[in-house]
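Geometric and topological summary
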Amino acid sequence: VHYVALGHIHRPTIVQPEHPLIAYAGSLLPYSFADSHHEKSAFLLELSPHGVETFAQLPLRGGYPLRHLRCQSVATALRELVHHREAYIRLELLCDHAPAAEDLHSLQQAHPRLVELRLIPRDLSPDAPPGALQEPLQTDIEELFRAFFRARKGTDPDPALCELFREVLSEHRHGLME
């Protein structure tokens, strides 16, 4: 064996440069935000019966880059998304409470390649002062349901539907207690 090509989705890596040459080619495009700083490449080899005659690592350009944005508000995020139209985006939104369904919808509609949206409680972010109160976001599940319904249907849900939602929620919570 003169050359061993291994599959791997991250960066290209030459495991063993001597005989036999063993290398991970890596993916042609970035598939993970962990890989956003790795330069993609391909290996070009010329083989003969005697082994590897030439070996070159060729950088690859193309595709959309991966960008990680961290924003303090929905308004800031909407402004930042405009500056990164030609990228896949992971957006971390620092917040004190769960954003309204309309705000989340506007973020999704603002960028065609927003592939990940993470809501980070402001008091749990690395920017929070030491000793900050670390409580989960306080959300009213019924209000989230009503906001979701409004966003989808353009109107508030019927009171009977809200009552049914509360019954289902109660049954779910009761099932968790058992």
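Located above this text is the structure these notes cover.
Notes on the structure in this doc start here. (Residues numbered from 1 in each chain as written. Predicted model: local features only at pLDDT ≥ 70, side-chain atom pairs only at ≥ 80, totals over all residues. Heavy atoms only, no water.)

With respect to the pairing of strand β8 (residues 114–121)
- With 7 bridges joining them, strand β7 (residues 88–95) and β8 adopt parallel strand pairing. Within the sheet, the bridge partner assigned to L93 lies in β8 and is L119.
- Read from β7 through helix α2 (residues 101–110) to β8, the crossover connection turns out right-handed. (Pairing = 2+ DSSP bridges. Helix = DSSP H or I, 4+ residues; strand = E, 2+ residues; numbered from the N terminus. Right-handed = clockwise from strand over helix to strand, strands pointing away.)

Looking at the pattern of salt bridges
- For the coordinates displayed, the defined rule picks out 12 salt bridges.
- With its nearest N and O atoms 2.9 Å apart, the salt bridge here joins E92 to R70. Here R70 lies in strand β6 (residues 66–71) and E92 lies in strand β7, a separation of 22 residues in the sequence.
- Between E116 and R118 there is a salt bridge, and its shortest N-O distance comes to 2.6 Å.
- The partly exposed category is assigned to E116, whose relative accessible area is 23%.
- Taking relative accessible area as the criterion, R118 reaches 33% and is therefore assigned partly exposed.
- Overlapping salt bridges, with partners in common, bring together E142, E143, R146, R150, D156, E163 and R166 in one network. (Salt bridge = Lys/Arg side-chain N within 4 Å of Asp/Glu carboxyl O. Buried < 20%, exposed > 50% of the residue type's maximum accessible area, 1.4 Å probe, protein only.)

Digging into the packing of aromatic side chains
- Within the structure shown, the criterion is met by 4 aromatic pairs.
- Consider the rings of F145 and F149, whose centres lie 6.3 Å apart with planes at 50°: the pair is tilted. Taken as a pair, F145 and F149 lie in helix α3 (residues 141–153) at a separation of 4 residues, close to a single helical turn. One exposure class covers both F145 and F149, and it is buried.
- An aromatic cluster of at least three residues, connected via ring pairs, comprises F145, F149 and F165. (Phe/Tyr/Trp six-rings, centres within 6.5 Å; stacked < 30°, edge-to-face > 60°.)

Concerning the side chain of E92
- With a relative accessible area of 7%, E92 lands in the buried category.
- If we ignore the near neighbours within four places in the chain, the residues touching E92 are H68, L69, R70, C71, R118 and I120. (Contact = heavy atoms within 4.5 Å.)

A word on the sheet that holds β6
- If you walk across this open sheet you meet the 3 strands as β6-β7-β8, and the pairing is parallel. The open sheet has two free edges, formed respectively by β6 and β8, since each of these has just one partner strand. Across the sheet, the mean angle separating the axes of adjacent strands is 15° when strand polarity is ignored.
- Relative to β7, β6 runs parallel, the two sharing 6 bridges. Of the residues in β7, the one forming a bridge with L69 is L91.
- Across the face of the sheet, helix α1 (residues 74–82) comes into contact with β6 and β7 while running at roughly 155° to β6. (Axes fitted to C-alpha atoms, helices over the stretch in contact; angles between N-to-C directions.)

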